[in-house]
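These are the residues of each chain, in order.
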Amino acid sequence: SVGADISSDVNRAFTYRAVNLTPLAPISMTGHRDPTSGDWTLLWVRRTRTGGEWRDYVDAELGETVEQYQIDICSDGTYAVVKRTLTVSAPAAEYLSADQVTDFGGNQATLYLRIYQMSASVGRGYPLTATITR
């Protein structure tokens, strides 16, 4: 259409899918498992779709009305069966030993995770899919 009049083209169907509103996947997931209790602590870094950049000790702007994440804990590396979904309001979560026993029958040395930042407009963003072993 470069250099052409817009009226010279035909109408085209378009379905808006709100991709520009979907939160980006978090990055840099890490965590540790308490050797005594078996509780997991998980941490990650959020990203933003809106202006600003992440610099040392300065977070990028949130780009959402509230900060919220959902963490799917899956049964294995196929990520097909979700055993539990955690919802948190900061880029950190705990998966307690008691919950692991309920979900798996015992404490887990390896977790298969999908972490989503949430949007009030479109729901779940793109997932960070990760495996962590400790």
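All values reported here derive from a predicted model rather than from experimental measurement.

Draft legend 1. Summary view of the packing of aromatic side chains. Tallying each qualifying case throughout the model produces 2 aromatic pairs. Judged by centre distance (5.4 Å) and plane angle (75 degrees), the rings of Trp 44 and Tyr 69 are edge-to-face. Pair noted here: Trp 44 is in strand β2 (residues 40-45) and Tyr 69 is in strand β3 (residues 69-74), with a separation of 25 residues, a long-range link. Using a relative accessible area of 5% as the deciding quantity, one classes Trp 44 as buried. Residue Tyr 69 is classed as buried on the basis of its relative accessible area of 0%. Ring centres of Tyr 79 and Tyr 112 lie 6.1 Å apart, and the angle between their planes is 85 degrees; this geometry places the pair in the edge-to-face category. Here Tyr 79, found in the loop between β3 and β4 (82-88), pairs with Tyr 112, found in strand β6 (residues 110-119); they are 33 residues apart in sequence, far enough to count as distant. Exposure remark for Tyr 79: the relative accessible area of 15% places this residue in the buried category.

Draft legend 2. Layout of the sheet that holds strand β5 (residues 92-95). Taken together, 3 strands build an open sheet; the order of strands is β1-β2-β5 and the sheet is antiparallel. In this open sheet, the two strands that pair with only one neighbour each are β1 (27-33) and β5. This sheet shows a mean twist of 15 degrees between the axes of neighbouring strands, independent of strand direction. With 4 bridges connecting them, β2 and β5 associate as antiparallel partners. Bridge pairing in β5 links Trp 40 to Tyr 95. Here helix α1 (residues 97-104) sits on the sheet in contact with β2 and β5, set at roughly 60 degrees to β5.

Draft legend 3. Local environment of the nonpolar core. Grouped together as the largest cluster of nonpolar side chains are 17 residues, with contacts concentrated most on Met 29, Leu 42, Trp 44, Ile 71, Leu 111, Leu 113 and Ile 132. The set of elements that each furnish at least two residues to this core consists of β2, β3, β4, β5, β6 and β8 (128-133).

Draft legend 4. Representation of α1 within the structure. Along α1, the positions that sit buried rather than exposed are Ser 97, Gln 100 and Asp 103. Angular distribution of buried residues about the axis of α1 spans 125 degrees; they occupy a single face of the element. Those residues of α1 that are exposed and angled more than 90 degrees off the buried face are Ala 98 and Thr 102. On its buried side, α1 packs onto β2, β4 and β5.

Draft legend 5. Molecular detail of unusual backbone geometry. We note that Ser 28 has phi near 55 degrees; this positive angle belongs to a residue other than glycine. By secondary structure assignment, the location of Ser 28 is in strand β1.

Draft legend 6. Layout of the pairing of β3. Burial within β3 is extensive, with 6 of its 6 residues counted as buried. In β3, alternate side chains face the same way, and those of Tyr 69, Ile 71 and Ile 73 on one face and Gln 70, Asp 72 and Cys 74 on the other are all buried. Relative to β6, β3 is paired through 6 bridges, and the arrangement is antiparallel. Pairing of Ile 71 across the sheet is with Ile 115, part of β6.

Cut-off values and rules
Residues numbered from 1 in each chain as written. Predicted model: local features only at pLDDT ≥ 70, side-chain atom pairs only at ≥ 80, totals over all residues. Heavy atoms only, no water. Phe/Tyr/Trp six-rings, centres within 6.5 Å; stacked < 30°, edge-to-face > 60°. Helix = DSSP H or I, 4+ residues; strand = E, 2+ residues; numbered from the N terminus. Buried < 20%, exposed > 50% of the residue type's maximum accessible area, 1.4 Å probe, protein only. Pairing = 2+ DSSP bridges. Axes fitted to C-alpha atoms, helices over the stretch in contact; angles between N-to-C directions. Contact = heavy atoms within 4.5 Å. Core = buried A, V, L, I, M, F, W, Y, C linked by side-chain atoms within 4.5 Å. Arc of directions from axis to C-beta.

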